[in-house]
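Okay, here's what each chain looks like letter by letter:
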Amino acid sequence: MTETIKANLYDFPKYYDLLFGSDWKAEFDFLQGCFAKHAGRKVKRIFEPACGTGRLLIKLAQAGYEVGGNDLNEKAIDYCNKRLVRCGFPASTVVGDMSDFRVRKKYDAAFNMINSFRHLSTEAQAEGHLKCVAAALNPGGLYLLGLHLIPSRGSRQMEESWTAQRGNLQILSHMWSKGLDRKNRNEKLGLTFHIYTPTELSRIDDEMNYRTYSKEQMQSLLDQVPEFETVATYDFHYRLDRPITIDARTEDVVFVLRRKK
């Protein structure tokens, strides 16, 4: 019999890390490529707001960068710091709000790659987040911000399924849009995760709300943060040789923002 619980996946960092950490290489290579191509300074220190389990931070630390991050979920931060320490690095992530934070020492780059930014439910929080990141960066530093826009033309991806496995642990996940409220700028997502081990099967049902952004709404937000300039945009194929121009059909996009000098 399958045990089903209604819970927040972020409270299960081992499962979260497996699901979202298995394809780290493409993002890792893209980040380093952007640092080399677009940063106005040498990148040595990197910060991730809403870092979760630090699936990319640990890879960056192992590549020689000094890393830091924050997240509201205490379990995720504990998981992240324990892994950093286990691998010989400082416990450099903290519990904190990505829309209201300060850092003790500025960074050369920051990133938020998979829609975590859309958890911020108001324009004030989103603007606060961008201003906090800008204040945390040295002049010439980069912020790579990845999210899904709501296209005004054409179809959009309404559901997604994927599988991840590590050792004897396998997770089958399914995510779908339960409703889109353009007026109030909210999209409700349903998520189901089937967890398989050699001895048991369990299921987690989750639900989350994302703030929505059209092309115009995102540009309006960026206009409120003059500390940043947009130097490039890419899609989730992470092809540095193929930057994109955002139009009415664009859905997935990574904004490469640079802190003005």
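Residues numbered from 1 in each chain as written. Predicted model: local features only at pLDDT ≥ 70, side-chain atom pairs only at ≥ 80, totals over all residues. Heavy atoms only, no water.

Caption draft 1: Looking closely at the pattern of salt bridges. A complete count under the given rule lists 17 salt bridges for this structure. Arg185 serves as the salt-bridge partner of Glu123, at 3.4 Å between the closest nitrogen and oxygen. Of this pair, Glu123 sits in helix H5 (residues 123-136) while Arg185 sits in the loop between strand E8 (169-181) and strand E9 (186-196), placing them 62 residues apart in sequence. Judged by its relative accessible area of 26%, Glu123 is partly exposed. What you see here is one network of salt bridges that share partners, running through Asp17, Arg83 and Arg166. (Salt bridge = Lys/Arg side-chain N within 4 Å of Asp/Glu carboxyl O. Helix = DSSP H or I, 4+ residues; strand = E, 2+ residues; numbered from the N terminus. Buried < 20%, exposed > 50% of the residue type's maximum accessible area, 1.4 Å probe, protein only.)

Caption draft 2: Representation of the pairing of strand E12 (residues 252-259) in the model. Looking at chain direction, strand E6 (residues 137-148) and E12 are connected through 7 bridges and run antiparallel. Considered in E12, the bridge of Leu142 is made with Arg258. Sheet analysis places strand E11 (residues 228-234) next to E12, joined by 6 bridges and oriented antiparallel. Bridge pairing in E12 places Ala232 opposite Val256. (Pairing = 2+ DSSP bridges.)

Caption draft 3: Structural view of the packing of helix H1 (residues 13-21) against helix H4 (residues 74-86). Orientation of H1 relative to H4, taken along the N-to-C sense of each, is 70°, at an axis distance of 9 Å. For the element pair H1 / H4, the angle class is roughly perpendicular. Of H4, the residues touching H1 (which contributes Pro13, Lys14 and Asp17) are Lys75, Ala76, Tyr79 and Arg83. Partitioned by chemical class, the residues of the contact of H1 with H4 number 3 nonpolar, no polar and 4 charged. (Axes fitted to C-alpha atoms, helices over the stretch in contact; angles between N-to-C directions. Parallel < 35°, antiparallel > 145°, perpendicular 65-115°, else oblique. Contact = heavy atoms within 4.5 Å. Nonpolar A, V, L, I, M, F, W, Y, C, P; charged D, E, K, R; others polar.)

Caption draft 4: Looking closely at the environment of Arg102. Relative to the helices and strands, Arg102 resides in the loop between strand E4 (93-95) and strand E5 (107-112). Taking relative accessible area as the criterion, Arg102 reaches 83% and is therefore assigned exposed. Arg102 sits 85 residues away from Glu187 along the chain, and the two C-alpha atoms are 29 Å apart.

Caption draft 5: Here's a closer look at the side chain of Asn138. By the secondary structure assignment, Asn138 is in strand E6. The exposure class of Asn138 is buried, given its relative accessible area of 16%. In this structure the side chain of Asn138 is engaged in a polar contact, spanning 3.0 Å, whose partner is the side chain of Asp108. When near neighbours in sequence (up to four residues on either side) are disregarded, Asn138 contacts Arg41, Lys106, Tyr107, Asp108 and Arg259. (Polar contact = N/O pair within 3.5 Å; in protein donor to acceptor, adjacent residues only side chain to side chain.)

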